[in-house]
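Coordinate inspection notes
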Amino acid sequence: MGKKVQSPLAAFGFQKPLLWLLLITLLGGAFRFYNPDWDLQHSFHPDERNILGQTAGIQAITGYKVTFFAYGQLPVYLYRATGELLSTPAFFWSLCGGNEGLAQWLYWFFLAALLGSSIWFFSKEKWSGYSFGASVFLLACVLLFKFFGIFSIWFEQLNDFPLKAATLLVATVACLGFSLWIAEELEMEWSEIPFYSAAGAIFVLGILPLFLPDPVARFLGVVLFTFLVAGLGLWWAWVSKWGRTILGLFSLWAIFASFNHAGRQYNGYGECMIIGRVWAAAFSTATIVAVYLLVKRIYQNIGMALLASACFAFAVVSIEQAHYCIVESYITFMLIVTALCAWDLLQKGDWKSYLVAGAAFGLSMAAKTSSLYYLFMILTAHLALLSRKTAKEWEKEGKKLGDNEGLYSALAAALLAGLLGTFLLAGLKLKGVIQDLFSADPRAAFALWLVLFLLAAVVGIALTVWGILEFKILRAQAPQWIKLAGAGGLAFLLFCLFSPWSLLDFQGFRNSQNYEWHVVSIADACYVLQFKDTTRYLYQLKNLMSVELWWPLGIAVILGAGWVLTRFLGKLLRPVRQGYLLPLPFTRDRGWAFYFPDLLLLSWFIPYFGFIGAWNTKFVRYMVPLIPVFCIFGARLFTDFMEWAKRLSWGKWLKTALAALVVVPSLFYSIAYMHVYTHPHPWIDASVWIAKNVQPGAVIATDMWDDGLPQDVSPQQDPRLERPVSPGNYGHVDVDVYSPMGNGQSDDNDVKKNYYADTLQKADYLSLATKKLWYTLVDCTPEFRPHGFNLYPVTSRYFRLLWSGLLGYKMVGEFHNFPTFLGWTHPDDMAEESFSVYDHPTVYLFKKVEDVPRDQILKLLSSDEYVSGITRDQMREVTADNVDAFIAQRHQYLEDHGLLAQLEAQAPTATAVVVPNQRRKFLPSVQSWPLKRLCRPPRLNQPRRSRSKLQLRFRACLTPKPSRCCKATPRVRSLKMM
């Protein structure tokens, strides 16, 4: 399994690795647990809103039905059950005479004492018999009085054939599983008496109800499902003290969560949000330790384990994801757990290791279906386990089958048929996948699919033929394949338990998955247009280096991944005769000498990143499960390099310098990112500014598909306020920037231009809460993309005109909260939007300073001449502090090109808006601004043109602005010349 490498800890003076692991975990955990209420319980992440809406709304009377299927139901149940557990039971509240605070703290003290003593009791080996009986009794009570009714509601959702098919499936699994257990405990041949007994029970309990009324099948289905869950719990409690402990704690949890509650409740939207974020931080922190344990066990290198865990602990994207109650932190933790289980499977290969691996896989799938790729790690460990024995050794095992040879032959034949069918069906399924991913070029998509289909078919046929030729060996391996099937059955059972509505409401689940696939493949939903024309794979890797991990660590882990992949390909192309891990098909003396730790991680890494990297939609969260593996690969490269550097006289200093070069900048960046959670959210800052500077009743325009301002904020939440601020205090206008509104796909039509002209007349202020609309659509014009995605030329002009003041609006507020530390600021608003717009977006507020006639607006929206040269990168440099210079710059450009006079001649004179209690000031000269290149020198031999009314109105835009109330560190940016 690989040569044990001497620990390099002595080179750094690290003599106590557990102490360093504790320090790393404490630091990483502090970053993750810090300020879970950073957005004042507003929940600005859209997936959070969907999950929390379901969490706060589920009821026992409906079987805890969940209708949001982008994720599994496990996180919803976990957050709600935690909230119910923390809510004070009514008898505690009565005991304390209705004193809410006393009852709450007394109950929590009792709960902590009960759980602590339970862990101590259940984990004691000398009391294993008593703890086994207690855990089984508690589980039986919970199943009988709590979950039997829930299971009944689930089976009531099934009708006719689905109901009877489910009953047959449950009967088959329960009977076969119980017979296997009996045979194992009594040391009998499973294929004899236990198997035939199970077959008879399946006929009576599963096949016979197919011909009986629905109520009979429903009752049997509920009973058998409950029996199956109870039997699984009984086995787990019997074989493991962890099983007894977890089952006992789970049962106590369910009992106390079922009490009637009084006083303060923790099952509402805001409370569940905090609970979910604490769970996310806990899973992400646990992943730090899990990475250390995984690397230590499979690579047998403590120094590498510490480095990998430190890299993950200070990975900013993981810290950010831990501040949302979404599932990425959980499935990342379960990835490492599944890898550890796969390693144990390789080492032991017994029923327990297979079932534990299946349990980890099933719990992952119950949270998110993208965890399906974890199966590759379990399958890799299974194949490596089978390859430990030579062909001759397997032939000896086959001779021990005796009278059971026929049964195992049938199982081996079924395995070959399933193998071939899997490859062929996967190849056919790829047709739709490839066509969706490459919809812009159907011919190339078909050619690529044909190549992949032929490759899958050739591999499937080759493996099937090889299996036929080595049928005796395959038959001897059938018992191990039964264990793998058992692991899969357990995974499916846990998926049914913790994500039941994915099957009970299968049509809703299917519609949701089809929609999600359409979003990530075609990428034509309005909120993913920013990914148009972005380069597959490279876009994700660029974000990984620039913001997710930052450059030092990002470059290191990508180089590490390249190093591991190169070694893997080298082994793949050079089979060996001795010491191989996996055999080469159609040979008995050659194979691949893969390094199993690398192969275990690559078996998931390659298909997962290969698939999501090809998606047209490239949200950062899709990369989050890859972060610990990237960190391990980076540590792998660093460790290999240190082994080489031992030969150098100055190698010790080189090792220290390289370690510091990777870890210290990551720690620095993590500290800087905490600025996001130590300062008010930009939406809160903007809301405070609105409360202080905008009169109630004023109309504020907001882009559709974006959040509106102001947000609900009270003086208790923000002491800067003297009175609450709420959207209800102001009028609102929605600006539909996404809809083309014409007959064609492009918005270059009179309908869209008139829509903007009419909408701009209605509002007093205009808010842009994030960059996800204006920054995306400004570039969607033939001026910037003559051969690319350019369906929004009018909207592009609209935003550029807005910045330039030509629409009668002027920027009066710009709010941001960039990562900052020791005077260094990292403006990351260029990063992929899901990384920047949820917890620290850049917000812009515009105020109407004059009424521009709609005819003039139509003229401005009809030509690129008035906004020529203005790019989105220049626009993001504009703030409320330098907007006057930007407007003056654009004024000079229009004046030099004669566009002001042309616009004045073709449009009526506009009437300026009189702002109450504010004197309008006109700047005598733009030369007063300290920008050397602001105005061009006067041209010789040209008469000076008189100033038109339009020019005076343009000058009127340059009025002093209200001071900003944002506490975030202001950014200093140079205004680029056009």
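The structure presented is a predicted model; accordingly, all values stated were derived computationally and were not measured.

Quick look at the overall build of the chain
Counting its secondary structure elements, the chain contains 40 helices and 11 strands. On the principal axes, the C-alpha backbone points of the chain span a range of 110 × 75 × 65 Å. Of the contacts formed within the chain by residues at least 6 apart in sequence, a portion of 79% connects residues at least 24 apart. Looking at the chain as shown, the accessible area adds up to about 42,800 Å², and 65% of this sits on carbon and sulfur atoms. Charge-centre separation for the chain: the mean point of 88 positive side chains lies 7 Å from the mean point of 71 negative side chains.

Remarks on the pairing of strand S9 (residues 843-848)
Of all six residues making up S9, six are buried, and the element is well covered by its neighbours. Side chains Val-843, Leu-845 and Lys-847 project from S9 onto one buried face, and the interleaved Tyr-844, Phe-846 and Lys-848 project onto a second face that is buried too. Note that strand S5 (residues 765-768) and S9 share four bridges and pair antiparallel. In the strand pairing of S9, Tyr-765 is matched with Lys-847.

Topic: the packing of aromatic side chains
With the rule as written, the count across this model stands at 73 aromatic pairs. Look at Phe-641 and Trp-644: their rings are 5.3 Å apart centre to centre, the planes differ by 40°, and that puts the pair in the tilted class. Residue Phe-641 and its partner Trp-644 are both found in helix H28 (residues 627-645); the two are separated by three residues, about one turn of the helix. Residue class for Trp-644 comes out partly exposed when judged on its relative accessible area of 41%. Residues Tyr-673 and Tyr-677 carry aromatic rings whose centres are separated by 5.9 Å and whose planes lie at 65° to one another, so their mutual orientation is edge-to-face.

A short note on the pattern of salt bridges
When their charged atoms lie close together, side chains carrying opposite charge are able to pair. Inspection of the entire model under this criterion finds 34 salt bridges. Several salt bridges converge on common partners, so that one network encompasses Asp-748, Lys-753, Glu-783, Arg-797, Arg-800 and Asp-864.

Quick notes on the sheet that holds strand S4 (residues 731-735)
The strand order across the open sheet built from five strands is S4-S3-S5-S9-S6, with neighbouring strands paired in mixed fashion. Each of the sheet's edge strands pairs with one partner strand only, and the pair in question is S4 and strand S6 (809-815). Going from strand to strand, the sheet's axes swing by 25° on average, the running direction of each strand aside. Across three bridges, the pairing between strand S3 (residues 699-703) and S5 is parallel. Across the sheet, Thr-702 pairs through a bridge with Ser-767, a residue of S5.

Some words on helix H24 (residues 506-521)
The first and last C-alpha atoms of H24 sit 22 Å apart over 16 residues, in line with the 22 Å expected at 1.5 Å per residue. Turning to H24, the residues buried within the fold contact helix H19 (405-437) and helix H23 (501-504). Taken from the residues just after H24, Ala-523 is the one with a positive phi, measuring 55°.

Focus on the state of the cysteines
If you walk through the whole model with that rule in mind, you get zero disulfides. Sulfur of Cys-341: no disulfide; nearest cysteine sulfur belongs to Cys-496 and is 20 Å away.

Some details on a positive patch on the surface
Taken together, the side chains of Lys-392, Lys-396, Lys-399 and Lys-472 make up a positively charged region of the molecular surface. Top contributing element to the positive patch by residue count: helix H18 (residues 391-399), with three residues. Structurally, Lys-392 can be placed in helix H18.

A look at the packing of helix H6 (residues 100-122) against helix H11 (residues 241-257)
Where H6 contacts H11, the axes come no closer than 9 Å and their chain directions differ by 155°. In terms of axis orientation, H6 runs roughly antiparallel to H11. The way H6 lies across H11 gives a crossing that is right-handed. For the pair H6 and H11, contact is made by Tyr-107, Phe-110, Leu-111, Leu-114, Leu-115, Ser-118, Ile-119 and Phe-122 and by Lys-241, Arg-244, Thr-245, Gly-248, Leu-249, Leu-252 and Phe-256, respectively. Looking at side-chain class alone, the contact of H6 with H11 contains 10 nonpolar, three polar and two charged residues.

Examining unusual backbone geometry
Here the residue pair Leu-709 and Pro-710 is connected by a cis peptide bond, since its omega of 5° sits within 30 degrees of zero. Among the secondary structure elements, Pro-710 is positioned in the loop between S3 and S4. A positive phi angle is found at Gln-300, which is not glycine, with a value near 55°. Take Gln-300: it is sitting in the loop between helix H12 (269-299) and helix H13 (302-313). Although it is not a glycine, Met-741 adopts a positive phi angle of roughly 70°. Tracing the backbone through its elements, the reader meets Met-741 in the loop between S4 and helix H32 (750-760). A relative accessible area of 23% places Met-741 in the partly exposed class.

Focus on the nonpolar core
Counting 199 residues, the largest nonpolar core has Phe-225 and Trp-604 as the members making the most contacts within it. It is helix H15 (residues 328-348) that contributes the most residues to this core, 14 residues altogether. Not counting chain neighbours up to four residues away, the residues in contact with Trp-604 comprise Leu-335, Tyr-373, Tyr-374, Met-377, Pro-625, Leu-626 and Val-629. Grouped together as the second largest cluster of nonpolar side chains are 52 residues, Phe-799, Leu-806, Ile-857 and Leu-860 included.

Let's talk about a negative patch on the surface
Among the surface-exposed residues, Glu-184, Glu-185, Glu-187 and Asp-350 lie close enough to one another that they form a single negatively charged patch. Position of Glu-184 among the secondary structure elements: in helix H8 (residues 160-186).

Some details on the side chain of His-323
Tracing the chain through its elements places His-323 in the loop between helix H14 (316-321) and H15. Given the relative accessible area of 1%, His-323 is considered buried. Apart from residues lying up to four places away in sequence, His-323 is in contact with Phe-31, Arg-32, Tyr-34, Asn-35, Trp-38, Glu-48, Arg-277 and Tyr-677.

So, the packing of helix H16 (residues 351-365) against helix H22 (residues 478-498)
Remark: H16 packs on H22, axes separated minimally by 7 Å, with the N-to-C direction vectors making an angle of 35°. For H16 against H22, the interelement crossing comes out right-handed. Between H16, through Trp-351, Tyr-354, Leu-355, Gly-358, Ala-359, Phe-361, Gly-362, Leu-363 and Met-365, and H22, the contact on the second element is made entirely by Gln-480, Ile-482, Lys-483, Leu-484, Gly-486, Ala-487, Leu-490, Ala-491, Leu-494, Phe-495 and Phe-498. Of the residues in the contact of H16 with H22, the class split is 15 nonpolar, four polar and one charged.

Focus: helix H9 (residues 193-207)
The first and last C-alpha atoms of H9 sit 20 Å apart over 15 residues, in line with the 21 Å expected at 1.5 Å per residue. Along H9, the positions that sit buried rather than exposed are Pro-194, Ala-198, Ile-202 and Gly-206.

Quick word on the environment of Thr-380
Among the secondary structure elements, Thr-380 is positioned in helix H17 (residues 375-386). It is 46 Å that separates the C-alpha atoms of Thr-380 and Asn-790, two residues lying 410 residues apart in sequence. When sequence neighbours within four positions are dropped, the list of residues in contact with Thr-380 reads Phe-596, Leu-599 and Ser-603.

Remarks on the environment of Pro-17
Within the fold, Pro-17 resides in helix H2 (residues 17-33). Since its relative accessible area comes to 17%, Pro-17 is described here as buried. Separated by 289 residues in sequence, Pro-17 and Leu-306 have C-alpha atoms that sit 7.4 Å apart.

Some remarks on a nonpolar patch on the surface
On the surface, a nonpolar cluster with roughly 680 Å² of combined accessible area is contributed by Phe-203, Val-204, Ile-207, Leu-208, Leu-210, Phe-211, Leu-212 and Val-216. Position of Phe-211 among the secondary structure elements: in the loop between H9 and helix H10 (214-239). Since its relative accessible area comes to 68%, Phe-211 is described here as exposed.

Brief notes about the side chain of Thr-781
Note that Thr-781 resides in the loop between helix H33 (774-777) and helix H34 (793-804). The class for Thr-781 is buried, based on a relative accessible area of 0%. If near-sequence neighbours (up to four positions away) are discounted, Thr-781 is found in contact with Asn-790, Pro-793, Ser-796, Arg-800 and Asp-864.

What about the confidence of the model for the chain?
Overall, the predicted model of the chain reaches an average pLDDT of 88, with 91% of residues at or above 70. Ignoring residues within four places in sequence, the model shows residues 1-13, a span with pLDDT below 50, making 36 contacts including any to other chains. Low confidence marks residues 908-978, where pLDDT is under 50. Its contacts with residues over four positions away, or in another chain, come to 152 contacts.

Cut-offs used in this document
- Residues numbered from 1 in each chain as written.
- Predicted model: local features only at pLDDT ≥ 70, side-chain atom pairs only at ≥ 80, totals over all residues.
- Heavy atoms only, no water.
- Helix = DSSP H or I, 4+ residues; strand = E, 2+ residues; numbered from the N terminus.
- Contact = heavy atoms within 4.5 Å.
- Areas by Shrake-Rupley, 256 points an atom, 1.4 Å probe, with all protein chains shown as cover.
- Lys, Arg positive; Asp, Glu negative; His and termini not counted.
- Charge placed at Lys NZ, Arg CZ, Asp CG, Glu CD.
- Buried < 20%, exposed > 50% of the residue type's maximum accessible area, 1.4 Å probe, protein only.
- Pairing = 2+ DSSP bridges.
- Phe/Tyr/Trp six-rings, centres within 6.5 Å; stacked < 30°, edge-to-face > 60°.
- Salt bridge = Lys/Arg side-chain N within 4 Å of Asp/Glu carboxyl O.
- Axes fitted to C-alpha atoms, helices over the stretch in contact; angles between N-to-C directions.
- Expected span 1.5 Å × (residues − 1).
- Disulfide = S-S within 2.5 Å.
- Patch = residues over 30% accessible without salt bridge, like charges linked within 9 Å, V, L, I, M, F, W, Y side chains within 5 Å.
- Parallel < 35°, antiparallel > 145°, perpendicular 65-115°, else oblique.
- Left-handed = near helix turned anticlockwise from the far one by under 90°.
- Nonpolar A, V, L, I, M, F, W, Y, C, P; charged D, E, K, R; others polar.
- Core = buried A, V, L, I, M, F, W, Y, C linked by side-chain atoms within 4.5 Å.
- pLDDT = per-residue confidence, 0-100.

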